[in-house]
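One letter stands for each residue in the lines below.
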Amino acid sequence: MTTTTWTTRRGTLAQSASMAARSLASIKNNPATLIEFFMIPLMILLSITFFMGGQMMGSWQDFLQYAGPTIIVMGLFFAIPSTGLSLFADLKSGVFDRLTAMPVSRFALLGGRVGADMVKHTWALLVVGGVAFAIGYRADGGVLGVLAAVGVVLLFMFSVSWSMVLVGLTAKTEDQIQTWMIALLMPLSYTSTAFIEVETLPGAIQWLAEINPLTALSETVRDLLNGDAPGGYFLALLGWCAGAVAVFVPLSLRAYRRKLTN
Amino acid sequence: MQHAIEVRGLTKAFGNVRALDGVDLTAPAGSVLGVLGPNGAGKTTAVRVLSTLTVPDGGTARVLGLDVVAQAGEVRHRIGLTGQYAGLDHDLTGEQNLVLLARMLGASRAQAKARAAELLERFDLVHAASRAAGKYSGGMRRRLDLAASIVRRPEVLFLDEPTTGLDPKSRNGLWDVVRDLVAEGTTVLLTTQYLEEADQLADSIAVIDAGRVIASGAPTELKQMVGGLVLRMRPVRPEAMTQLADLANWTIGARAKLEEGEAIVPVAHAGEATAVMSRVTQAGIDLVSFGLDEPTLDEVFLTLTGHRAESATEEEVTA
Ligand SMILES: Nc1ncnc2c1ncn2[C@@H]1O[C@H](COP(=O)(O)OP(=O)(O)O)[C@@H](O)[C@H]1O
Ligand SMILES: [Mg+2]
């Protein structure tokens with residue numbers, strides 16, 4: 001038996017990457033799952049555009065041009081809870097027991113999950129965005145605008161994913177995670193300006209819509225894609241993202257340590 | 001000498017359940033400690049505390065001199081764990097599982113691949129290297145699980161019911177692997193519900209029940225608690241029975257029981273049996289058969305607890 005003293009210093013980020021690769025390896029073993037990652041946002045985009053678009057704006061082409069990007073963002077947003085669900089499954093599987101008993105960064109075990117899901121979200125965004133382009137969507141902001149919008153969306157997804165890490169760590173059952181998801185995501189999306197304009201909302205809710213992080217995201221994405229300079233909404237979005245990371249990463253690490261004491 | 005495992009007064013409660021109720025354990029470096037007990041005795045909880053996965057309520061637990069709570073980080077560098085439920089990623093292949101763990105432990109990609117190949121070879125899993133672990137048979141999965149816990153060779157290895165639910169052949173195979181690891185100097189703490197398993201592998205055994213150690217010692221010591229060994233001799237000619245009894249009495253002062261064509265001689269240890277046997281040979285008495293019987297550890301458990309050890313159940317084994 002060879003002596004196994006590995007001298008390579010692999011830091012937290014490298015370990016996170018290994019964990020992310022581990023979560024993605026099942027895709028390599030079973031490539032058909034690649035389709036699952038974009039089915040929901042794709043179907044949301046296509047069905048809303050074709051079945052409701054004409055009614056709402058006269059032609060589905062106009063509707064796609066106006067609402068396409070935010071519908072895509074919303075479809076992606078609904079994939080956020082998968083982070084909590086997969087982490088919940090990981091924690092039950094025994095793999096995490098083994099990893100936890102190893103000299104491995106606690107952050108990496110959680111960050112790997114988020115990292116893997118970011119790869120899936122990116123893939124879904126590329127596919128659904130590609131389909132939107134194929135059926136006629138065009139951004140005035142050009143390639144740069146599209147890239148900036150994609151970057152902003154992914155930054156947002158990364159930040160809110162950490163809230164789901166906390167949920168995955170603290171939930172007692174899978175159903176609990178589903179319930180929290182609906183309870184959180186539904187009001188958030190319907191009081192944002194992803195689908196509607198602020199003025200159409202009742203007074204009290206207008207205020208909610210203004211501070212809704214999804215409003216900040218939707219408006220920023222619209223600005224970037226239209227080639228406009230991002231304004232106050234962009235700053236608000238950055239604030240939301242920084243806040244989410246600053247709150248949920250430490251809370252998640254603490255919840256993970258707590259799991260150990262029980 | 002410093003002990004590899006040293007546990008004093010360990011307690012841990014889950015609500016009203018005292019999973020550990022003042023457990024003491026000791027294992028010298030290089031030895032095998034068997035923790036024997038029925039379902040719910042607290043075996044898994046003890047292993048989880050020792051492998052830094054659960055923080056105890058009270059008492060101390062040291063592994064290689066390191067406190068498992070205060071120095072958990074250092075402990076993790078030097079232990080290996082095979083939990084009661086397989087610590088494998090079922091979607092990953094056998095090889096991917098091992099490579100991942102090696103990578104997490106700081107191996108380069110090439111080192112990780114080499115180590116995985118070496119372990120797959122050693123645990124007779126080369127043919128299944130690129131099959132998903134979820135598709136492995138019970139025995140294969142246990143071997144992969146064990147391989148996974150020694151990706152980086154641990155000084156102390158914890159095995160929580162490593163053979164529960166395995167068929168006898170797989171069980172024997174796994175015992176051989178454990179013996180090899182011990183021969184290489186690894187200290188092993190193994191929990192089991194199989195009395196035979198503890199007897200086969202352990203240098204010393206701690207019997208636990210309801211979170212307490214109710215007896216401990218070498219396997220032979222435990223057996224002696226319920227009486228020593230018995231030598232059974234069956235002569236070719238039944239008339240030789242009384243002669244056998246006289247020989248036994250004269251050699252070791254034992255009083256033989258004669259029943260159903262057999263002389264049954266209680267002996268304190270194997271040496272006494274050998275002494276009697278050599279007299280019998282010298283006297284030219286032909287035997288059809290003879291044997292040295294040990295009381296089983298089942299009997300030990302019954303004597304110690306007043307109830308039988310629940311037989312190990314398959315329901316414990318997930319997939
Ligand atoms: N996480 C837990 N929460 C609540 N009770 C637990 C937990 N872990 C173990 N127990 C209880 O503690 C006792 C000892 O369990 P365990 O250590 O798993 O025993 P064994 O491994 O010997 O079967 C049992 O009564 C069990 O139900
Ligand atoms: Mg157990």
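The structure reproduced in this document is the subject of the present report. Everything numeric here is computed off the predicted structure, so don't read it as measured data.

## Structural notes on empty space enclosed by the protein
Right, on to step 1. Scanning all chains against the criterion turns up one cavity of 30 Å³ or more.
Right, on to step 2. Within this model, the largest cavity holds a volume of roughly 140 Å³.
Right, on to step 3. If you go around the largest cavity, you meet 15 residues; those closest to its centre are Met102 of chain A together with Ile79, Gly80, Leu105 and Ser149 of chain B.
Right, on to step 4. A per-element tally of the lining of the largest cavity places strand β6 (residues 79-82) of chain B first, with three residues.
Right, on to step 5. Looking at the lining of the largest cavity residue by residue, the class counts come to eight nonpolar, three polar and four charged.

## Re the side chain of Thr100 of chain A
Right, on to step 1. Along the polypeptide, Thr100 of chain A turns up in helix α5 (residues 95-100).
Right, on to step 2. Residue classification places Thr100 of chain A among the buried positions, given a relative accessible area of 4%.
Right, on to step 3. Setting aside chain neighbours within four positions, we find Thr100 of chain A in contact with Arg106, Leu109, Tyr256 and Leu260 of chain A together with Thr52, Leu53 and Arg76 of chain B.

## Overview of the pairing of strand β11 (residues 229-235) of chain B
Residue and element names in this part refer to chain B.
Right, on to step 1. Burial of the side chains of β11 is restricted to one face: Leu229, Leu231, Met233 and Pro235 are buried, whereas none of Val230, Arg232 and Arg234 on the reverse face is.
Right, on to step 2. Sheet topology places β11 next to strand β13 (residues 262-267); five bridges connect them, and they run antiparallel. Note on β13: the bridge partner recorded for Val230 is Pro266.
Right, on to step 3. In this sheet, strand β14 (residues 287-293) lies alongside β11 in antiparallel orientation, the contact comprising six bridges. Bridge pairing links Arg234 to Ser289 in β14.

## A few points about the site of ligand 1
Residues and elements named next belong to chain B.
Right, on to step 1. Taken together, the residues surrounding ligand 1 are Phe14, Val17, Ala19, Pro38, Asn39, Gly40, Ala41, Gly42, Lys43, Thr44 and Thr45.
Right, on to step 2. At 3.0 Å from an oxygen atom of ligand 1 is found a main-chain nitrogen or oxygen belonging to Gly42.
Right, on to step 3. Here an oxygen atom of ligand 1 and a side-chain polar atom of Thr44 are 2.7 Å apart.
Right, on to step 4. More than half of the atoms of ligand 1 fall within 2 Å of the grid points belonging to the largest pocket.
Right, on to step 5. For the shell around ligand 1, the elements supplying multiple residues, two or more each, are β2 (17-28) and α1 (43-50).
Right, on to step 6. The biggest single contributor to the shell around ligand 1 is α1, with three residues.
Right, on to step 7. Among the residues making up the shell around ligand 1, the classes are represented as five nonpolar, five polar and one charged.

## Considering the interface of chain B and chain A
Right, on to step 1. With 41 residues of chain B at the contact, the number on the chain A side is 30 residues.
Right, on to step 2. Summing both partners gives a buried area of about 3200 Å² for chain B against chain A, and 58% of it is carried by carbon and sulfur.
Right, on to step 3. Per-residue buried area on chain B facing chain A is highest for Leu53, Arg76 and Met104 of chain B; these three make up 22% of the total on that side.
Right, on to step 4. At the junction of chain B and chain A, the tally comes to three salt bridges.
Right, on to step 5. The salt bridge partner of Arg22 of chain A is Asp89 of chain B, with a shortest N-O separation of 2.7 Å.
Right, on to step 6. Between chain B and chain A we count seven residue pairs in polar contact (both at pLDDT 80 or more) in total.

The rules behind these values
Residues numbered from 1 in each chain as written. Chains lettered and ligands numbered in written order. Predicted model: local features only at pLDDT ≥ 70, side-chain atom pairs only at ≥ 80, totals over all residues. Heavy atoms only, no water. 1 Å grid on protein atoms, 1.4 Å probe; cavity = no way out; pocket = protein on both sides within 12 Å on 5 of 7 lines; lining within 4 Å. Points joined across faces, edges and corners; volume = space filled by probe spheres on them. Helix = DSSP H or I, 4+ residues; strand = E, 2+ residues; numbered from the N terminus. Nonpolar A, V, L, I, M, F, W, Y, C, P; charged D, E, K, R; others polar. Buried < 20%, exposed > 50% of the residue type's maximum accessible area, 1.4 Å probe, protein only. Contact = heavy atoms within 4.5 Å. Pairing = 2+ DSSP bridges. Near = heavy atom within 4 Å. Polar contact = N/O pair within 3.5 Å; in protein donor to acceptor, adjacent residues only side chain to side chain. Sits in = over half its atoms within 2 Å of the grid points. Buried area = accessible area lost by both parts, 1.4 Å probe. Salt bridge = Lys/Arg side-chain N within 4 Å of Asp/Glu carboxyl O.

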